[in-house]
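Residue-level listing of the chains:
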Amino acid sequence: MTDTKQQFEAVIKECRDVFQAKLSDYSPSWRIMRPESITDQLFIKAKRIRSLEMKKVSKVGEGIRPEFMAIVNYGVIGLIQLELGAVDTCDIDARRALELYDAHMEEIQTLMYAKNHDYDEAWRSMRISSYTDFILTKLNRVKEIEDNDGKVIASEGIASNYMDMVNYALFGLIKLTFGEDA
């Protein structure tokens with residue numbers, strides 16, 4: 001678990017650094033996004049990963065890794081938006097956005113460590129392409145939940161699905177950063 005914790009923290013730091021840099025460029029302009037729009041943004045990122053995995057070529061020059069990072073960051077943004085609700089103008093500053101990011105990321109890490117214990121690091125034996133497929137499956141579930149006004153009978157809600165997507169993306173980043181056998 002020590003390697004997992006160190007690897008997890010390393011890729012989270014990298015994602016947070018990108019999030020912070022983009023806050024400097026754009027401020028928390030994403031505060032106007034409704035959760036459905038964030039779900040669609042996550043969908044675009046996951047579809048691009050799947051396309052790159054299948055075509056094995058990028059005409060834009062960016063690879064799979066930045067897209068997994070975007071899924072991590074948009075997943076956290078989604079959780080923030082679920083917590084605060086969408087607004088018409090940016091109502092928080094970069095400092096507050098980072099505080100919220102850190103709080104949600106801590107919750108995501110806690111979930112990952114608990115599941116990692118129960119599943120005995122099964123994710124390490126999985127293919128990166130499976131993470132992509134699981135993220136896309138979760139996105140389809142979230143779209144259904146959103147189309148049903150957030151109501152579920154026996155399933156996890158939107159926030160749980162966002163957290164799982166972030167964790168799958170982090171698993172992908174760990175494997176891309178530290179190698180398939182990491």
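Residues numbered from 1 in each chain as written. Predicted model: local features only at pLDDT ≥ 70, side-chain atom pairs only at ≥ 80, totals over all residues. Heavy atoms only, no water.

Undergrad: Explain helix α5 (residues 128-147) here, please?
TA: Given a rise of 1.5 Å per residue, 20 residues ought to cover 28 Å, and the 29 Å separating the end C-alpha atoms of α5 matches this to within 8%. Within the sequence span of α5, burial applies to Ile128, Tyr131, Thr132, Ile135, Leu136, Lys138, Leu139, Val142, Ile145 and Glu146. Among the structural elements, α2 (35-55), α3 (64-84) and α6 (158-178) are those in contact with the buried residues of α5. (Helix = DSSP H or I, 4+ residues; strand = E, 2+ residues; numbered from the N terminus. Expected span 1.5 Å × (residues − 1). Buried < 20%, exposed > 50% of the residue type's maximum accessible area, 1.4 Å probe, protein only. Contact = heavy atoms within 4.5 Å.)

Undergrad: Even after reading the chapter, I still don't get the nonpolar core, so can you show me in this structure?
TA: General note: in soluble globular proteins, nonpolar side chains tend to be found buried as a group. Core analysis: the biggest nonpolar cluster contains 47 residues, and Trp30, Val72, Met105, Ile135, Tyr162, Leu170 and Leu173 have the highest contact counts within it. If you list the elements that add at least two residues to this core, you get α1 (2-26), α2, α3, α4 (94-119), α5 and α6. The leading source of residues in this core is α6, at eleven residues. When near neighbours in sequence (up to four residues on either side) are disregarded, Trp30 contacts Phe19, Leu23, Ile77, Ile80, Gln81, Ile92 and Ala97. (Core = buried A, V, L, I, M, F, W, Y, C linked by side-chain atoms within 4.5 Å.)

Undergrad: For this particular structure, what's the right way to read unusual backbone geometry?
TA: Trans peptide bonds make up the majority, and among non-glycine residues the majority have a negative phi. Positive phi outside glycine occurs at Asp120, with the angle close to 55°. When you line up the elements, Asp120 lands in the loop between α4 and α5. In the Ramachandran plot, Asp149 falls in the positive-phi region, its phi being about 60° despite a non-glycine side chain. Relative to the elements of secondary structure, Asp149 occurs in the loop between α5 and α6.

Undergrad: Quick question: what am I supposed to make of the pattern of salt bridges here?
TA: Opposite charge on two side chains permits them to pair, given that their charged atoms come into close proximity. Enumeration over the complete set of coordinates arrives at 14 salt bridges. Notably, a salt bridge pairs Arg95 with Glu99, separated by 2.4 Å at the nearest N-O pair. In this pair, Arg95 and Glu99 both sit in helix α4, four residues apart, roughly one turn of the helix. With a shortest N-O distance of 3.7 Å, Lys138 and Glu156 are connected by a salt bridge. Linking Lys138 in helix α5 with Glu156 in the loop between α5 and α6, this pair joins segments that are 18 residues apart in sequence. With a relative accessible area of 8%, Lys138 lands in the buried category. Through salt bridges with shared partners, a single ionic network connects Lys115, Lys138, Glu156 and Asp164. (Salt bridge = Lys/Arg side-chain N within 4 Å of Asp/Glu carboxyl O.)

By themselves these figures say nothing about function.
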